[in-house]
Amino acid sequence: CCGVQSEWRPFGPALALDSRAGPMARAPFASQELGSLTWRPSWLQMPTMEAGRPGSFAMTEGNGRSRQSSVVGPQTHRLPFKVMWGITLLVSVGMALLNFATILVIEFLVHFKFRTMQASITSSGVGLGILTLTGISMFYALLGVCMIQFIAPSCSGSGLPENKCYLNGSTMPGLFTKKTLGVRVATSILANAAGFPVGREGPTVTIGSNLAFLVSKWLAQPYLKEWVEVNHEARACALMVDEQRLAHTTRVACSVGGACAMAVIFNAPFGGFLYMFEEIASVAWPVELTFRVFVATMLCSLLSYALCYLIHSDIEEFVIYAEMPMNKEWEFRDIPVFIFVAAMLGVVTSLHTRAMLAVTVLRQRFTSRIRRLQPCARILETMFYAGLCALLSAVVSLFDSCAKKGSSDLQYVTFNCPEGEYNTVASLLVTTSHSSVKLLFSGNNAGEISAWSSILAFVTYFVLQVGLSGLPVPGGAFTATMLLGGLFGRSVGELCRDLGIVRTASGVYAVVGSAAMLCGFKQMTLASVLIVVECINDLRLAPVVMLGVAVSMTVNWQMNERGHDEEQIIRKNLPFLEGEAPHELDSEAALGICDPLPEEAILPPEASIVAVKRALLETQVLWFPIRDGPGSPCIGILGRARLEAALSATCGSDAARGSGRGPIEGIEPAEENLFEEKFDVEGDSYPDLFRRIVPGVDTLPLHCIMDPTPFTVVEDMPAPRLYALFTKVGERCVLVTSIRGELRGVISREGLVAATRRTHVLV
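Treat the numbers as computed from the prediction; the structure is a model and nothing was measured.

**Some points on the overall build of the chain**
When helices and strands are tallied, the chain shows 25 helices and 14 strands. Residues classed as buried in the chain amount to 60% of the 763 residues present. Long-range pairs, those at least 24 residues apart, make up 77% of the contacts in the chain between residues at least 6 apart in sequence. Entry remark: accessible area of the chain is about 29,900 Å², with carbon and sulfur atoms responsible for 61%.

Given below as structure tokens:
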């Protein structure tokens, strides 16, 4: 085929159409990618004779089967050693450099804002200083929200729920692109510089996954393509890409990127490892990922150290870790107080999560009522809320008295105090959240932060953090909840120390409170403990931190069934499957959870254009069974995206590229392919290329592009048994048949997600 002699090999179930080439003897210059409707000359594919290399010329039989792809499972990539480790190392180095650049920019913007404020206070009084702070914060917020509203609206939040769904095995179109990467980096910087009560953790984890996705796609995709013969008589070939192997590769890389992000933010390589392990869930954690994440986080942390020392800057204030020995001793008399703090914070974090979700719903309802004023209303609301955060933090700071600087030599904010003194509340609120947490965790500043100052800052920050929910601000609540827990724990510790109940430094109580608040919000245990312990650089506190996490989680689970991210996934109706089948499926069988499957959605191996159009009009159908005729067994299955791409290409290049005649009548345009970017080669067009390789003008050879070996289960199989096929094996759909092999229906991943949501009760 195509002028190349090669071995015929069967074709596997996971191959997705990437490009079509006409008979190369007649048109050696043309190729077309159906899955993404991408057009490029065939010589750009760089075909070789060796399978497993970029542009592999692994020829196949006319039925479209390839042995190379059929032997691998849905959670296997089979890529060369150098490719996967090249991806791992590039992602690690890239995240270290990107985080370092981000910190530099944030440092510059924050220092400019505070220097300008302090200069205004010195020259013209506190009033003008507060107005200056508010104005600069509103300007930063305006720049960020305009970028989100007009360039990438999907970057309006932390991105963690969507990222978690993608790592869980779901398809999230448009989540990881070059545009979203750039916008998320820029707006995350502006959100933190503006003084919103957020941290960098959520967006940075998503940024790490985004960067890893782009790198892995760039390096791995050439190794996952092969030529497949689709018409022996016409000697026609198609270039296919194995979508499942590519998806598995990108998910492995995204996990590495997310772990590196947490490692560089907290200087916690082990914490980053455990965070991604708990975020993905162990059932979806590939064995190879453990060592890759271990090496990547190690390299990323070492590069971050090297870059910080290279510039000799005070940039360490933006990273939470202890640089000097501190007094972290605790006594057994502290344990009852630790338990009290953790139990109280278990209640507080539950109320905090519920309040954030409630504010989000109220803001969504209000936004829908003024839809005509969008996006201007959204932009103004975000900008004025940034001003409110700055104004309220500054005004509340005026209620605190000035204190003389102690011997700890830590960085406090002078604000309205004379030289040599500082404002405690301003040091906790009118600064970055990382700097505040570092002050609270210190064991060398006992007595420098009073209980009253901590409580005042706690209430203010709690209100501002809850009120932010639902605004298009790319920030996470990871550090914010750590700060809230640290403020509460520090206030209790300082109060007990003043009353003579305990002698332990109040910074220890801040550490315990921070972990207790964080674990309740994220509903993570190991990651919360290890990240906090690595931040303070003292493993001696691990037992009491674990005690606080255990108590807080026990109380939190009595009030909230799920964490904040999981609740957002359900409210946004994002596709996500828990590691274990919910109890609600115990009484269900396979037949009871099948997707709707009208007769028009069942197609023959050689389908007419009319039949394909009629099938695609059934918009609720995601997978189309292929069988020879009524009553005959199913011989394969075909996904909607691939079928739409093939139909668009068959109807001409204008329909395929979404221009000229526009989309096919009665059919919505195909959803953007997550794995491909669309572009055209200027001046080149191949209007009827696909017709050359299709046997017949009005038919599509679906047997060439279908999955010929789908998973099949009998109709009476209990739903919990087949649940593992989706969560642990990574299947996208399964066929349901009778005991005699008659087709009964199809269960897709999306349909299974919908079945698990029927009995969910929102918090």
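**Considering the pattern of salt bridges**
In the structure shown here, the tally under the stated rule is 16 salt bridges. Glu-561 is paired through a salt bridge with Arg-562; the nearest N and O atoms lie 3.3 Å apart.

**A word on the side chain of Glu-566**
Assignment of secondary structure puts Glu-566 in helix α19 (residues 564-571). Setting aside residues up to four positions removed in sequence, Glu-566 forms contacts with Lys-164 and Lys-522.

**Focus: the pairing of strand β12 (residues 711-714)**
Inspection of the sheet shows β12 paired to strand β13 (residues 733-737) by four bridges, in the parallel sense. Across the sheet, the residue bridging to Thr-712 is Leu-735, located in β13. A crossover connection joins β12 to the parallel β13 through helix α24 (residues 719-727); in handedness this β-α-β unit is right-handed.

**Comments concerning the nonpolar core**
Counting 144 residues, the largest nonpolar core has Phe-196, Phe-266 and Tyr-275 as the members making the most contacts within it. Among all residues touching Phe-196, those that are not within four sequence positions of it are Ala-141, Ala-191, Thr-382, Tyr-385, Ala-386, Cys-389, Leu-468 and Val-473. One finds Ile-626, Ala-646, Leu-647 and Leu-700 within the second-largest nonpolar core, a separate group that totals 19 residues.

**Some thoughts on the confidence of the model for the chain**
Predicted coordinates in areas of low pLDDT are best not read in detail. Looking at the chain as a whole, its pLDDT mean stands at 78, while 78% of the residues score no less than 70. Mean pLDDT values over the elements of the chain span from 32, in strand β3 (residues 38-40), up to 94, in helix α5 (residues 178-194). Under a pLDDT of 50 for its full length, residues 1-72 has, in the predicted model, 232 contacts with residues more than four places off or in other chains. The low-confidence segment residues 652-697 (pLDDT under 50) makes 108 contacts with residues lying over four places distant or belonging to another chain.

**Observations regarding the state of the cysteines**
Enumeration over the complete set of coordinates arrives at one disulfide. Note on cysteine connectivity: Cys-402 is disulfide-linked to Cys-417, with sulfurs 2.1 Å apart. Where Cys-402 bonds to Cys-417 through sulfur, the torsion about that S-S bond is close to -90 degrees, and the disulfide is left-handed. Of this pair, Cys-402 sits in strand β6 (residues 402-404) while Cys-417 sits in the loop between β6 and β7 (421-423), placing them 15 residues apart in sequence. Judged by relative accessible area, Cys-417 falls into the buried class, the value being 8%. Summary of cysteine pairing: Cys-300 is not part of a disulfide, and the nearest cysteine sulfur, belonging to Cys-260, is at 4.4 Å. Judged by its relative accessible area of 0%, Cys-300 falls in the buried class.

**Examining unusual backbone geometry**
Here the amide bond leading from Gln-374 into Pro-375 is cis, since omega sits at 5 degrees, within 30 degrees of zero. Mapped onto the elements, Pro-375 comes out in the loop between α10 (335-369) and α11 (376-397). Of note in the backbone geometry, Gln-523 takes a positive phi value of approximately 55 degrees without being a glycine. Its place among the elements puts Gln-523 in the loop between α16 (506-522) and α17 (526-536). Look at Gln-523 and you get buried, because its relative accessible area is 18%. Residues other than glycine seldom take positive phi values, yet Asn-573 does so here, at roughly 60 degrees. Mapping Asn-573 onto the fold places it in the loop between α19 and β8 (606-608). Taking the relative accessible area as the measure of exposure, Asn-573 reaches 60% and is therefore exposed.

What counts and what doesn't
Residues numbered from 1 in each chain as written. Predicted model: local features only at pLDDT ≥ 70, side-chain atom pairs only at ≥ 80, totals over all residues. Heavy atoms only, no water. Helix = DSSP H or I, 4+ residues; strand = E, 2+ residues; numbered from the N terminus. Buried < 20%, exposed > 50% of the residue type's maximum accessible area, 1.4 Å probe, protein only. Contact = heavy atoms within 4.5 Å. Areas by Shrake-Rupley, 256 points an atom, 1.4 Å probe, with all protein chains shown as cover. Salt bridge = Lys/Arg side-chain N within 4 Å of Asp/Glu carboxyl O. Pairing = 2+ DSSP bridges. Right-handed = clockwise from strand over helix to strand, strands pointing away. Core = buried A, V, L, I, M, F, W, Y, C linked by side-chain atoms within 4.5 Å. pLDDT = per-residue confidence, 0-100. Disulfide = S-S within 2.5 Å.

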